[in-house]
Amino acid sequence: MRRALENKKIIIYILLVAFFTVSSYVFDQTAVRIEDSIRNKNILIDTTKTNLKNFESLSSQLETIRSDLDNLVSLNLKDLHFSLKSYLLITRYDLDSNENRKFFKDSEDALYQIKDRLLSTYQSITVQSSDIGEKLDEVYSWNYELFPKYMTEVNGEKLYEGVYNNFYNHEEIFNNNLNKFKIKNFKKYDVDILYPQEKRNKVMQSFYLNNWYDLHRFTLLLIKNLDDNGNDISENELYIDELAEKKEILLYSEIEKLKNISNKKNSSILLSIFSQILSLLFLLMLFRNLILNSTAKIK
Amino acid sequence: MRLFRFSLLKIYFGLIENKNKALKIINIGIFLSIFASTSAIITYFIEKKINEKEFLLIEEQFQAKDNSSIISEFESIILLLETYNRSEFMQTENAFFLSWTTLGSKIISENDFYAPIIYTALKDTKELDKLFELGIEGQNFSESIVKLIEDAWDKDEVDKTKEIFKNFEKSYETIKKIDINFYKSKIYNNSPELLFDEVSSKKNNSLDYNSNSKIFSDYSAVYEYKQNTIIFFKRLHMILRATLAQNHDSIKKLNNEIIDLSKKENRLIFLTFIFQLIAFMLIQIFEISSMNIYKKEKL
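Right, let's walk through the structure included here. Just so it is clear, the structure is predicted and the values come from calculations on it, not from any experiment.

**A look at the overall build of chain B**
Each helix and strand in chain B was counted, giving nine helices and zero strands. When the helices and strands of chain B are listed from N to C terminus, the series reads α-α-α-α-α-α-α-α-α. Across the 299 residues of chain B, 41% fall into the buried class. For chain B, the proportion of contacts with a sequence separation of at least 24, taken over those separated by at least 6, is 86%.

Here is the structure:
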């Protein structure tokens, strides 16, 4: 009866040693597998961080361009009417032109400068619009996958179409607002009239009040077009900010997951060590039991 | 093979002469194993704590990085706003000076000068709506920020912050009531004919510091709003700097805590290893001895 009990004890110890040896192996393997997951999570976190940085940089680039555009719109609008009003005041008899001319040292030169300023404002807004369009194309073309609306399909192949035409579409703007012009001929107001200098001088001599009215109106329409396109940039900025926000949420959630996985890994490693110790402990207890049994037999 | 070795062990323990000595050694081994398991449990909890602190550190580092980039963004915004305001102030001064002359008063009207300033300022406020949506737990943005500094800052500074926020919100609410579309239409639907009417009109609509017109009142509201915006952003910048300093303090504290816990853990792991090694060696002594007896019997 006593021997059967002792044997039972020995079997229990052997089973415990076996159990903890196996569990040590299982925990060890689990730690190895978790290590793989941690590696994958780290790769995902690094990729998310890179994406987030890209979005932030993209948003900042768009913000700079939009801020530049807003500044251009504001500056051009503030000065826009000065030249035309000055022109009216020194050319229109009904506006006391003779009296007004007396304010200038050389009224003819002043008139020349005013006309040149009217042309320069038109030229300036054209160049600035074109610059903004180019800057945006530079940004969008490098990130075309984020802006599918600027892509076009040619022979089944998707190509970047760009936004430049939205900023440099003088003829379209002119034709869409034809009713606002006195002389409904775009060629009269095409940018070509500004170059070379001889052509420009000729324009200054040949343009009459209605032409200057039209050119002023056209400049205002170009500023409006620039302003309207600013809204598109703001929308894209908002879209990129939303993507960045999503990436940031993803990043924090992945870090949280990594935290849990890392906890599991540490637990597995420590449980493996703990199992090894317990396995050794029960082995020692088994030895102790064997010695005690042999002592009992002798007695 | 295992069974074979186990029977050898049984024989060996039966043959041991000084069984008490053997039992003592085994007991020491058991004691060491138990000690090692205790160390493993302690290590498990310390490692868990370290892991949590490590992730808190990562979060704190992320926040510090975010705050740092927001601070530099704020610095650029403040610099930009101050530059714009300074340049606008100079332009306004020049425009006022010009408007004091007979010709100048006809060239520059309130509509020409103020409408673009009001329009562009109102356009920018759309972004601020997003800022005010950023409230936490039912509190609006300002309340959340004030709560953040309430316990850490002097009462005077907290009161000053509250006042700055109140002034900003008040001026923001005032300009929000201004109809942006009214000014947009005023700017872009302005025709040369209307300009002619304006110039020919006997009514004085030139720039005047004492003007009672609606547009001057709106411009004054916008001017006040712009000044308050700079003060508001400067205060937010100050708060962010304080938050960043707090982040750095937390990072330092967490680093020290991790180092301390790491040291503790290292010591315990070392002890665990030593005890495991001793326990293992004790088992090995018995195994080797049992093998030797088996060999002697064979000979």
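From this point, the narrative continues.
**What to know about the pairing of strand β1 (residues 151-154) of chain A**
Pairing geometry for β1(A) and strand β2 (residues 157-160) of chain A, over four bridges, is antiparallel. Bridging across to β2(A), A:V154 finds its partner in A:E157.

**Observations concerning the environment of B:W153**
Residue and element names in this part refer to chain B. With respect to the helices and strands, the residue W153 is situated in the loop between α5 (141-150) and α6 (155-176). Given the relative accessible area of 18%, W153 is considered buried. For W153, the contacting residues outside a window of four places in its chain are V158, T161, R235, M238, I239 and A242.

**Concerning a positive patch on the surface**
A cluster of like positive charges, contributed by B:K49, B:K263, B:K264 and B:R267, occupies part of the molecular surface. It is helix α9 (residues 214-298) of chain B that provides the largest number of residues to the positive patch, a total of three residues.

**Quick word on the interface of chain B and chain A**
Contact with chain B, which involves 70 residues of that partner, is made by 67 residues of chain A. Put simply, chain B and chain A have six salt bridges between them. Among the ionic pairs, B:K123 bridges to A:D70, the shortest N-O distance being 3.3 Å. Applying the counting criterion to the chain B and chain A interface returns 17 residue pairs in polar contact (both at pLDDT 80 or more). Looking at the side of chain B that touches chain A, the elements that each hand over two or more residues are α1 (2-15), α2 (19-99), α3 (102-107), α4 (110-132), α7 (180-188), α8 (192-200) and α9 of chain B. In terms of residue count, α2(B) provides more of the side of chain B that touches chain A than any other element does, 30 residues in total. For the side of chain B that touches chain A, the residue count by class is 34 nonpolar, 18 polar and 18 charged.

Conventions we followed
- Residues numbered from 1 in each chain as written.
- Chains lettered and ligands numbered in written order.
- Predicted model: local features only at pLDDT ≥ 70, side-chain atom pairs only at ≥ 80, totals over all residues.
- Heavy atoms only, no water.
- Helix = DSSP H or I, 4+ residues; strand = E, 2+ residues; numbered from the N terminus.
- Buried < 20%, exposed > 50% of the residue type's maximum accessible area, 1.4 Å probe, protein only.
- Contact = heavy atoms within 4.5 Å.
- Pairing = 2+ DSSP bridges.
- Patch = residues over 30% accessible without salt bridge, like charges linked within 9 Å, V, L, I, M, F, W, Y side chains within 5 Å.
- Areas by Shrake-Rupley, 256 points an atom, 1.4 Å probe, with all protein chains shown as cover.
- Salt bridge = Lys/Arg side-chain N within 4 Å of Asp/Glu carboxyl O.
- Lys, Arg positive; Asp, Glu negative; His and termini not counted.
- Charge placed at Lys NZ, Arg CZ, Asp CG, Glu CD.
- Polar contact = N/O pair within 3.5 Å; in protein donor to acceptor, adjacent residues only side chain to side chain.
- Nonpolar A, V, L, I, M, F, W, Y, C, P; charged D, E, K, R; others polar.

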